[in-house]
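Now for the letters of each chain:
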Amino acid sequence: MTRRVLVTGGAGYIGSVIVDQLLERGLSVFVLDDLSTGHRDAVARRASFVQGNVGNGELVEALLGQERIDAIIHMAAFALVPESVAQPGKYVTNNVTAARVLLEAAVRAKIRRFVFSSSCAVYGHPAVIPITEDSPQAPVNPYGETKRDFEKLLADYGPRNGLGVVSLRYFNAAGATEQRGEDHDPETHLIPNILAVALGKQPAVSIFGTDYPTADGTAVRDYIHVVDIADAHVRALEVSLDSGAPVAVNLGTGAGQSVRQVVEVARRLTGRPIATVERARRPGDPPALVAAVQRAATVLGWRTKHSSLEEILESAWQWHRAHPQGYRGGGEGT
Ligand code: UFG
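Before going into details, it helps to say that this report is about the structure given with it. (Residues numbered from 1 in each chain as written. Predicted model: local features only at pLDDT ≥ 70, side-chain atom pairs only at ≥ 80, totals over all residues. Heavy atoms only, no water.)

**So, the packing of helix H1 (residues 13-24) against helix H7 (residues 226-236)**
Two quantities define a packed helix pair, namely the angle between the axes and the distance from one axis to the other.
Here's step 1: Look at H1 against H7: their axes get within 9 Å of each other, and the N-to-C directions meet at 60°. Our classification of the angle between H1 and H7 gives oblique. H7 is crossed by H1, and the crossing has right-handed handedness. In this structure, H1 contributes Tyr13, Ile14, Val17, Ile18, Gln21 and Leu22 to the contact, and H7 contributes Val226, Val227, Ile229, Ala230, Asp231, His233 and Val234. (Axes fitted to C-alpha atoms, helices over the stretch in contact; angles between N-to-C directions. Helix = DSSP H or I, 4+ residues; strand = E, 2+ residues; numbered from the N terminus. Parallel < 35°, antiparallel > 145°, perpendicular 65-115°, else oblique. Left-handed = near helix turned anticlockwise from the far one by under 90°. Contact = heavy atoms within 4.5 Å.)

**Topic: the sheet that holds strand E9 (residues 220-221)**
Here's step 1: Taken in spatial order, the three strands make up an open sheet running E12-E9-E14, and their pairing is mixed. Every other strand in the sheet has two partners, leaving strand E12 (257-258) and strand E14 (288-289) as the edge strands with one partner each.
Here's step 2: Sheet topology places E9 next to E14; two bridges connect them, and they run parallel. Looking across to E14, one finds that Arg221 is bridged to Leu289. (Pairing = 2+ DSSP bridges.)

**Quick word on the nonpolar core**
Here's step 1: Counting 40 residues, the largest nonpolar core has Leu22, Ile73, Leu168, Leu251 and Leu300 as its most contacted members.
Here's step 2: Among the elements of the structure, strand E1 (4-8), H1, strand E2 (28-33), strand E4 (71-74), strand E6 (164-170), H7, strand E11 (247-251) and helix H9 (294-300) are those that each provide at least two residues to this core.
Here's step 3: Among the nonpolar cores identified, the runner-up in size contains 24 residues, and Leu6, Leu32, Ile69 and Ile111 belong to it. (Core = buried A, V, L, I, M, F, W, Y, C linked by side-chain atoms within 4.5 Å. Buried < 20%, exposed > 50% of the residue type's maximum accessible area, 1.4 Å probe, protein only.)

**Digging into the site of the ligand**
Here's step 1: In the vicinity of the ligand lie 22 residues, with His189, Ser206, Arg221, Arg282 and Asp285 positioned nearest.
Here's step 2: One nitrogen or oxygen atom from the main chain of Ser206 is found 2.7 Å from a nitrogen atom belonging to the ligand.
Here's step 3: Burial of the ligand by the protein amounts to 91% of the accessible area it has alone, namely 680 Å².
Here's step 4: Put simply, the parts of the chain that give the shell around the ligand at least two residues each are helix H6 (190-198) and strand E8 (205-208).
Here's step 5: Broken down by element, the shell around the ligand gets its largest block of residues, four residues, from E8.
Here's step 6: When its residues are assigned to classes, the shell around the ligand shows 13 nonpolar, six polar and three charged. (Near = heavy atom within 4 Å. Polar contact = N/O pair within 3.5 Å; in protein donor to acceptor, adjacent residues only side chain to side chain. Areas by Shrake-Rupley, 256 points an atom, 1.4 Å probe, with all protein chains shown as cover. Nonpolar A, V, L, I, M, F, W, Y, C, P; charged D, E, K, R; others polar.)

Now the structure itself:
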């Protein structure tokens, strides 16, 4: 049984929701985050917070030992695809080299379970949709390469040293809870950008690419509610692993939505017109990414409960209206 969990990147968009769910289940939660992209106010007050980087071996070792951590959820990473193309070294240093320091410390501290935040970016431009976990891994940007590389390191090195390894490959995380939402700077993701237009903060949302081989010509993604993603992590802490073998699991709904479909539902829900501007494809964007979801059901006993596009958009809309300046406007701090 896991009792004491370290969440790296627990001040981030997804990590902060995971922290809340772990606390709700009565676990002791420790957050390690260097606040390079996260927000202190996104971390529940009942969690113990340490500001620092996962590549700081002394700090990590002291934390794991002194706090008698028995599982790690590793979320801390850079996650912007265009930035990774411009600065690949930054991504390798943080997402692989620093993460390796954490992994080695975890083995020395005899941590029993390591849950890794991976991405559908490991698949690149998949030939077959929906994408199963056994599909070829051919990332098309440095971000995806770092996720593939650390997953491999983890799978090779962890189990040989007694560490149970679960890698969760998220599709498109979206939505919010009452207290936690998406606040990136710069914001590159579709849904917060659509809602920024609905709020009057931006004049129009760009539609990147209208000539994709999809039903309406715009790119298709599998949007999944952050609450469902967090639930999968809580489950991943306890699933039994066949003879300790590492496992990788997609987190998606199995259904895709086009950019135009997302804009349409947002118009309906917000009652705002939401102007759009058609632009060229964004470099590196695959036409369609949709998860095969069978393994998540089998391994984690998990299925999405909150990931209809309506619930995702409604929850995000509520959060953005309540926090028009994001966490800069003062977080909940609860
Ligand atoms: N898009 C727009 N306008 C915008 C923003 C996005 O049309 O203002 C389009 C994109 O081109 C893409 C789709 O909406 O087709 C979704 O874009 P997001 O930026 O919201 O998400 P991505 O699919 O690009 O990125 C997500 C994760 C990454 C991960 C990637 C895997 O955020 O971390 O999936 O491809 F690497």
